[in-house]
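# Understanding the architecture of this molecule
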Amino acid sequence: MMLIECQQVSKHYGDKLALDKVSLSLSAGAPIGLVGPNGAGKTTLFSLLCGYILPSEGDIRIMGHKAGSSELLGLVSALPQDAALDPNLTVLEQLSFFARLQGMPKMAAKEEALRVLALVDLSSSAKLKPKSLSHGMGKRVAIAQALIGEPKLVLLDEPTAGLDPVNARLIRQIVKSQSINTQFVISSHNLEELEKLCDQIVYLEQGRLAQSVSLAQQDGSAYLTLVMKQADYPALVSAIKALPSVLDVTNKEEQLLISYQAAANVDLEQALFSLFSTQGWQYKMLLKGRSLEDTLFA
Ligand SMILES: Nc1ncnc2c1ncn2[C@@H]1O[C@H](COP(=O)(O)OP(=O)(O)OP(=O)(O)O)[C@@H](O)[C@H]1O
């Protein structure tokens, strides 16, 4: 069964067409990334998936059930982009309150609140009120809130926006560790971040589904990204193309993207180093893989 299935989904806000006949099928697995420029319709898509709003046209199914239907209660949750905490309640009170809203009795709700706080490494902050939390801690509390009741699908709208690198990394670690039990869909403008977490990416542009890419290699090809200190680029490209297993070499600014047959079992990196040393070419960086930016905007 598909995790998420959208068929010809459109959403109008008055005259504004925010989503335009989006069809997509996403299966469960590693976190799924949702990217797109400002105003592309990402938040609208999230709100539709959660059932907060209804599509103007089309059909949305989550795990086989209509988005927003009672069968999905407790199975789908979201961290909204602008999640706000009540300034008058402690973190524990806040999370217990949300657990009670899911129908848990008082003691079970408190236990659940403590469980999710431990997941985001904030057990020691249970008695703090929001004003004593840093921005990063506040985000982690909001993620804890989204994890209450062990939902199967959690939608995170820009979970690391505005966070410093250390806190952003912490959030990524939480997502990674929780991905074993929970399917995450993450909207972010940070392509590098999505690349680290996801192996499926949905790209929206002006309300339309521009691309849905799988970062997991499907065609048996693999990539190396090469940046040289200096080289005779035309000579370099043709020499690399002549190496065994190489399928193609594309040159974008100072960066070469080499696609090669992964199954060929050739140590291409070693072959490249030998080539550089014979030719006296100096390389600056050789990375496995191709960047998401290249995948989306090639
Ligand atoms: N409640 C609303 N009423 C009217 N127009 C809206 C409403 N919500 C969103 N829109 C419009 O719909 C379009 C899609 O908005 P949406 O917030 O879904 O985009 P987004 O991809 O999440 O953008 P961002 O990256 O800036 O958060 C935008 O043009 C936005 O102005």
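Just so it is clear, the model here is predicted, and its values are computed rather than measured.

### Concerning the overall build of the chain
A count of helices and strands for the chain gives nine helices and 14 strands. Residues counted as buried form 47% of the 298 residues belonging to the chain. The contacts in the chain between residues at least 6 apart in sequence include a share of 67% that link residues at least 24 apart. Looking at the chain as shown, the accessible area adds up to about 15100 Å², and 52% of this sits on carbon and sulfur atoms. A distance of 6 Å separates the average location of the 27 positive side-chain charges in the chain from that of its 30 negative side-chain charges.

### Details of the sheet that holds strand β12 (residues 246-252)
The antiparallel open sheet is built from four strands, whose spatial order is β12-β13-β11-β14. Two strands bound the open sheet, and with one partner strand each, they are β12 and β14 (282-288). The average undirected angle you get between the axes of adjacent strands in this sheet is 20°. Taken together, the six bridges between strand β11 (residues 221-230) and β14 define a ladder with antiparallel strand orientation. Opposite valine 227, over in β14, you have methionine 285 as the bridge partner. Sheet strands in contact with helix α7 (residues 233-241) are β11, β12 and β13 (255-261), and its direction is about 160° off that of β12. The strands that helix α8 (residues 268-279) touches are β11, β12, β13 and β14; relative to β14, the one it contacts most, it runs at about 175°.

### Observations regarding the sheet that holds strand β3 (residues 32-35)
The six strands lie next to each other as β6-β7-β8-β3-β9-β10, forming an open sheet whose pairing is mixed. Since the sheet does not close on itself, it has two edges, and those belong to β6 (76-79) and β10 (208-214), each with one partner. Pairwise comparison of adjacent strand axes, ignoring direction, gives a mean angle of 15° for this sheet. Inspection of the sheet shows strand β9 (residues 200-205) paired to β10 by six bridges, in the antiparallel sense. Each bridged residue has a counterpart across the sheet, and for leucine 204 the counterpart in β10 is leucine 209. Together, β3, β6, β7 (153-157), β8 (183-187) and β9 form the strand contacts of helix α1 (residues 42-50), whose direction differs from that of β7 by roughly 155°.

### Concerning the environment of phenylalanine 98
Along the chain, the position of phenylalanine 98 falls in helix α2 (residues 91-101). Note on phenylalanine 98: relative accessible area 27%, which makes it partly exposed. In sequence terms phenylalanine 98 and glycine 149 are 51 residues apart; their C-alpha atoms lie 9.6 Å from each other. Apart from the residues lying within four places of it in its own chain, the contact partners of phenylalanine 98 are Gln145 and Ile148.

### A look at the domain arrangement of the chain
How big an interface is tends to be reported as the loss of accessible area on association of its parts. Assigned domains of the chain: these are domain 1 (2-214) and domain 2 (221-297). Between the C-alpha centres of domain 1 and domain 2 the distance comes to 38 Å.

### A word on the packing of aromatic side chains
One pass over the full model with this rule turns up four aromatic pairs. With a centroid separation of 6.5 Å and 75° between ring planes, the pair formed by phenylalanine 273 and phenylalanine 276 is classed as edge-to-face. With phenylalanine 273 and phenylalanine 276 both in helix α8 and three residues apart, the pair spans about one turn of that helix. Residues phenylalanine 273 and tyrosine 283 carry aromatic rings whose centres are separated by 5.2 Å and whose planes lie at 45° to one another, so their mutual orientation is tilted. Taken as a pair, phenylalanine 273 in helix α8 and tyrosine 283 in strand β14 lie far apart in primary sequence, 10 residues in all.

Procedures and definitions
- Residues numbered from 1 in each chain as written.
- Predicted model: local features only at pLDDT ≥ 70, side-chain atom pairs only at ≥ 80, totals over all residues.
- Heavy atoms only, no water.
- Helix = DSSP H or I, 4+ residues; strand = E, 2+ residues; numbered from the N terminus.
- Buried < 20%, exposed > 50% of the residue type's maximum accessible area, 1.4 Å probe, protein only.
- Contact = heavy atoms within 4.5 Å.
- Areas by Shrake-Rupley, 256 points an atom, 1.4 Å probe, with all protein chains shown as cover.
- Lys, Arg positive; Asp, Glu negative; His and termini not counted.
- Charge placed at Lys NZ, Arg CZ, Asp CG, Glu CD.
- Pairing = 2+ DSSP bridges.
- Axes fitted to C-alpha atoms, helices over the stretch in contact; angles between N-to-C directions.
- Domains from an automatic or database assignment.
- Phe/Tyr/Trp six-rings, centres within 6.5 Å; stacked < 30°, edge-to-face > 60°.

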